[in-house]
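# Descriptive analysis of the structure
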Amino acid sequence: MDKIPSVDLRDFLSGNPERKQKFVNEIGKAYEEIGFVALKGHFLDDQLVEDLYGEVKNFFDQPVETKQKYEIPGIGGQRGYVGFGKETAKGFKKGDLKEFWHFGQYLSDESKYKEEYPDNVIVDELPKFNEVGKEAYQMLEKTGQYVLRALALHLGLDEFYFDDKIAEGNSILRPIHYPPITEEPDDAVRAAAHGDINLITLLMGAQGKGLQVQNHKGEWIDAIAEPDELMINVGDMLSRHTNNKLKSTIHRVVNPPRELWSTSRYSIPFFMHPISAMSLNALENCVDENNPKLYEDTTAGEFLHERLIELGLIKK
């Protein structure tokens, strides 16, 4: 496959059984063959997207000292600000050429996860930053819920199989700023080749060149979305749970041509995580003689902790 397939969530939501099944078939085939789709018909409207980008740019334009106030020690970068070059892709020594922010789950005071998840961090200088971030978080979470319902049907599970596993899940909205490149990068790239940790990732900001996906032939292909599309890919948790039936595909963000080094790039992925207790053990109907079990049993919480250590965000 040398192009990312495009699907429309409105088919799944249409109330028409044929259109709904068409969506299930299309997204299932894409995730078995390349692990990525471009998705139309999501729950983000144009104004919300414009407001979010505006607030994200406002934050990253703040002085370094201001941003560093929001770098919270001891939580593995799970909320607030993470400075330039702090995250390193698994297997790489060079830090990625990016800085980012993390919005996390919004919980009621009565939630049993209140003690497990760090609190969201409020930016005093930008009153709308957190308000817009929360709205975008919740619209992306809603979109992801329907994508997972379609995948449950594709996998032969009950349509609502994932619902209780992602309700109050440890999902993260990560606005990323790739600053202008001011000197020869010395082998560092904006985001080195990696697979995502989570169930699925919903990415805003894949409209320009930069994001590349590795197909099954080992070729790197550009993943470019239309302005009204999100790029959505399978993460390692879902790949493990389906015994690699659904593919977590290696991807990267390459440095731009030298003439564009002076430009910033912004991208906003939503990493959809389940609750920590979710079992990632291989689904029974994804294991057979031709597809033996590939991974050891684990939970989402154990797997996340292990990967945050590998990324350098949690120290052993």
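The structure presented is a predicted model; accordingly, all values stated were derived computationally and were not measured.

Time to look at the environment of Tyr-137. Its place among the elements puts Tyr-137 in helix α5 (residues 127-154). By relative accessible area, Tyr-137 is classed as buried at 0%. Along the chain, Tyr-137 and Arg-174 lie 37 residues apart, while their C-alpha atoms are 9.5 Å from each other. Dropping the residues within four chain positions of it, Tyr-137 is found in contact with Phe-103, Gly-104, Gln-105, Tyr-106, Gly-169, Ser-171, Ile-172, Leu-173 and Phe-270.

This part takes up unusual backbone geometry. The residue Glu-168 is not glycine, and still its phi comes out positive at about 60°. Take Glu-168: it is sitting in the loop between α6 (163-166) and β5 (172-173). Of the residues examined, Glu-168 reaches a relative accessible area of 29% and is grouped as partly exposed. The backbone phi angle of Asn-243 is positive, close to 55°, even though this residue is not glycine. Counting through the fold element by element, Asn-243 comes out in the loop between α7 (236-241) and β12 (251-253). On the accessibility criterion, Asn-243 (5% relative accessible area) is buried.

Our focus in this paragraph is the side chain of Glu-99. Relative to the assigned elements, Glu-99 resides in strand β4 (residues 99-102). Only 3.1 Å separates the side chain of Glu-99 from the side chain of Lys-67, close enough to count as a polar contact. For Glu-99, the side chain forms a polar contact with the side chain of Tyr-81, separated by 2.5 Å. Ignoring any residue separated from it by four or fewer positions in sequence, one finds Glu-99 in contact with Phe-60, Lys-67, Tyr-81, Val-82, Gly-83, Phe-84, Pro-175, Ile-176, His-177 and Pro-179.

Glancing now at the environment of Glu-159. In this structure, Glu-159 sits in the loop between α5 and α6. Spatially, the C-alpha atoms of Glu-159 and Tyr-146 are 9.4 Å apart, while their sequence positions differ by 13 residues.

Helix packing for two helices is described by the angle between their axes and how far apart those axes are. Direction vectors running N to C along helix α2 (residues 17-33) and α5 enclose 85°, while the axes themselves pass 9 Å from each other. Looking at the two axes, α2 sits roughly perpendicular to α5. From α2, Lys-20, Phe-23, Val-24, Ile-27, Gly-28, Lys-29, Tyr-31 and Glu-32 reach across to α5, where they touch Val-147, Ala-150, Leu-151, Leu-153 and His-154. Partitioned by chemical class, the residues of the contact of α2 with α5 number eight nonpolar, two polar and three charged.

One way to put it is that helix α3 (residues 46-60) packs onto α5 with a least axis distance of 9 Å and a crossing angle of 135°. The angle between α3 and α5 places the two elements in the oblique class. Every pair of crossing elements has a handedness; the one defined by α3 and α5 is left-handed. When α3 is examined against α5, the residues Leu-48, Asp-51, Leu-52, Glu-55, Val-56 and Phe-59 are found in contact with a partner set consisting of Lys-128, Phe-129, Val-132, Gly-133, Glu-135, Ala-136 and Met-139. Looking at the contact of α3 with α5, its residues break down into eight nonpolar, one polar and four charged.

Definitions and limits used
Residues numbered from 1 in each chain as written. Predicted model: local features only at pLDDT ≥ 70, side-chain atom pairs only at ≥ 80, totals over all residues. Heavy atoms only, no water. Helix = DSSP H or I, 4+ residues; strand = E, 2+ residues; numbered from the N terminus. Buried < 20%, exposed > 50% of the residue type's maximum accessible area, 1.4 Å probe, protein only. Contact = heavy atoms within 4.5 Å. Polar contact = N/O pair within 3.5 Å; in protein donor to acceptor, adjacent residues only side chain to side chain. Axes fitted to C-alpha atoms, helices over the stretch in contact; angles between N-to-C directions. Parallel < 35°, antiparallel > 145°, perpendicular 65-115°, else oblique. Nonpolar A, V, L, I, M, F, W, Y, C, P; charged D, E, K, R; others polar. Left-handed = near helix turned anticlockwise from the far one by under 90°.

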